[in-house]
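Listed below are the residues making up each chain.
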Amino acid sequence: MTELETKLGHHFANPALLEEALRHRSVMAVRKGKHNSNERLEFVGDRVLGLIMAEWLAERFPRDKEGDLGKRLAALVSRDSVVQVADAIALGTHLTLLAEEARAGVGEKANVLADAMEAVLGAIYLDGGLNPARAFIRSQWGAMLDKMIAPPTSPKSRLQEWSLGRGMGLPSYRLVSMTGPAHKPVFSVAVSLGAQEAIAQGDSKQAAETEAATVLYARLTS
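Values in this document were obtained by computation on a predicted structure and should not be read as measured data. (Residues numbered from 1 in each chain as written. Predicted model: local features only at pLDDT ≥ 70, side-chain atom pairs only at ≥ 80, totals over all residues. Heavy atoms only, no water.)

S.K.: How do you make sense of the overall build of the chain when you look at a structure like this?
M.R.: Of regular secondary structure, the chain possesses 11 helices and 3 strands. Helices (α) and strands (β) of the chain occur, in sequence order from the N terminus, as α-α-α-α-α-α-α-α-α-α-β-β-β-α. Each of the three principal axes of the chain carries a C-alpha extent, and together these read 60 × 45 × 25 Å. The long-range fraction of contacts in the chain, counting pairs at least 24 apart against all pairs at least 6 apart in sequence, stands at 56%. Element-wise, carbon and sulfur atoms account for 52% of the exposed surface of the chain, whose accessible area totals about 11,900 Å². On the chain, the mean spot of the 26 positive side-chain charges and the mean spot of the 26 negative ones are 3 Å from each other. (Helix = DSSP H or I, 4+ residues; strand = E, 2+ residues; numbered from the N terminus. Contact = heavy atoms within 4.5 Å. Areas by Shrake-Rupley, 256 points an atom, 1.4 Å probe, with all protein chains shown as cover. Lys, Arg positive; Asp, Glu negative; His and termini not counted. Charge placed at Lys NZ, Arg CZ, Asp CG, Glu CD.)

See below:
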């Protein structure tokens, strides 16, 4: 824990909070409710990240309108951004999982890492308040924020804006298939716009939709 606390820049007065933040829900089936999984702390941490990031964006971009601030916020609190931070501090190596789950690579899944990272933020907040949570977030998300010269647009939003601007209506998404084991599913999603269609895969339906939109937009604008 000391190694992780050093990375977090916070020493826990109540170490049980950090232990809970690192405990995957699969462990609970064996321990039969003797301890909480990290899901409740994830709920708290998600709100803490959103609040601190909104505060920071309002400070950094005083001329931005609400819509532009919202685009920046959505990108910075997205799963990809949260996982990037989790990877930077090697959070996956500290997670508590069942042995078979660890062998199956569950601790490397993006959604598991993102949930754990948000749970850790919730634990920091409950243990020390907003200041240590703010310090960690600003230290880890700073590089991403510095690169954000203009408000970003998600691939799905970009495709939608392009299609509406040409009177083509909204893109349509449909789930093609879901394959793979339960702990590591692969989603295939198709997006169609007029006579054009693109299919892509991802480890979640949202990720597959994003990738499909990226592919179709590139095709339409090339």
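S.K.: How do you make sense of a nonpolar patch on the surface when you look at a structure like this?
M.R.: On the surface, Leu 51, Tyr 125, Leu 126 and Leu 130 cluster together into a nonpolar patch covering about 340 Å² of accessible area. In this structure, Leu 51 sits in helix α4 (residues 39-60). (Patch = residues over 30% accessible without salt bridge, like charges linked within 9 Å, V, L, I, M, F, W, Y side chains within 5 Å. Salt bridge = Lys/Arg side-chain N within 4 Å of Asp/Glu carboxyl O.)

S.K.: Help me understand unusual backbone geometry, please; the structure alone is not making it clear to me.
M.R.: Across the chain, the bulk of peptide bonds are trans and the bulk of non-glycine residues have phi less than zero. One non-glycine residue, Ala 90, lies in the positive phi region at around 55°. Mapping Ala 90 onto the fold places it in the loop between α6 (79-88) and α7 (99-103). When its relative accessible area of 27% is taken as the criterion, Ala 90 is described as partly exposed. (Buried < 20%, exposed > 50% of the residue type's maximum accessible area, 1.4 Å probe, protein only.)

S.K.: Where do I start with the packing of aromatic side chains in this structure?
M.R.: Geometry of an aromatic ring pair is reported as the spacing of the ring centres plus the angle between the planes. Counted by the stated rule, this structure contains 0 aromatic pairs. Over the ring of Phe 61 we find Arg 72, and its NZ or CZ is 3.6 Å from the ring centre. (Phe/Tyr/Trp six-rings, centres within 6.5 Å; stacked < 30°, edge-to-face > 60°. Lys NZ or Arg CZ within 6 Å of the ring centre and 35° of its normal.)

S.K.: Would you mind going over the pattern of salt bridges with me for this structure?
M.R.: Pairing of side chains with opposite charge becomes possible as their charged atoms draw close. As enumerated under the stated definition, the model contains 10 salt bridges in all. Among the salt bridges present, the one from Glu 55 reaches Arg 134, with a minimum N-O distance of 2.8 Å. On the criterion of sequence distance, the pair formed by Glu 55 in helix α4 and Arg 134 in helix α9 (residues 130-147) is long-range, its members being 79 residues apart. For Glu 55, a relative accessible area of 34% puts it in the partly exposed group. As a salt-bridge pair, Arg 138 and Glu 59 come within 3.1 Å of each other at their nearest N and O atoms. On the criterion of sequence distance, the pair formed by Arg 138 in helix α9 and Glu 59 in helix α4 is long-range, its members being 79 residues apart. Residue Arg 138 is classed as partly exposed on the basis of its relative accessible area of 26%. Residues joined in a network through salt bridges with shared partners are Glu 55, Glu 59, Arg 134 and Arg 138.

S.K.: What should I look at first to understand the side chain of Glu 42 in this one?
M.R.: Along the polypeptide, Glu 42 turns up in helix α4. Arg 25 is the oppositely charged side chain nearest to the buried, salt-bridge-free Glu 42, at an N-O distance of 6.5 Å. Not counting the four nearest positions on each side in its chain, Glu 42 is found in contact with Asp 115, Glu 118 and Ala 119.

S.K.: I keep staring at the nonpolar core and nothing clicks. Help me out?
M.R.: For soluble globular proteins, the rule of thumb is that nonpolar side chains tend to be buried together. Counting residues in hydrophobic clusters, the biggest one holds 42 residues, and the most contacted among them are Leu 8, Leu 91, Met 117, Val 120 and Trp 141. Those elements giving two or more residues to this core turn out to be α1 (2-8), α2 (15-21), α4, α6, α8 (110-128) and α9. Considering every element that reaches this core, the biggest residue donor is α8, with 11 residues. Not counting the four nearest positions on each side in its chain, Met 117 is found in contact with Val 82, Val 85, Ala 86, Ile 89, Leu 91 and Phe 136. Residues Leu 193, Ala 198, Ala 200 and Leu 216 belong to the second largest nonpolar core, which totals 9 residues. (Core = buried A, V, L, I, M, F, W, Y, C linked by side-chain atoms within 4.5 Å.)

S.K.: Explain the sheet that holds strand β1 (residues 172-179) here, please?
M.R.: Adjacent strands of a sheet pair through backbone hydrogen bonds, lying either parallel or antiparallel. Ordered in space as β1-β2-β3, the 3 strands form an open sheet in which the pairing is antiparallel. Two strands lie at the open edges of the sheet, namely β1 and β3 (196-202), each paired on one side alone. For this sheet, the mean inter-axis angle between neighbouring strands, taken without regard to orientation, is 20°. As judged from the 7 bridges shared by strand β2 (residues 186-193) and β3, these two strands associate in the antiparallel manner. When the sheet's bridge partners are listed, Ser 192 is paired in β3 with Glu 197. (Pairing = 2+ DSSP bridges. Axes fitted to C-alpha atoms, helices over the stretch in contact; angles between N-to-C directions.)

Purely geometric numbers; function is a separate question.
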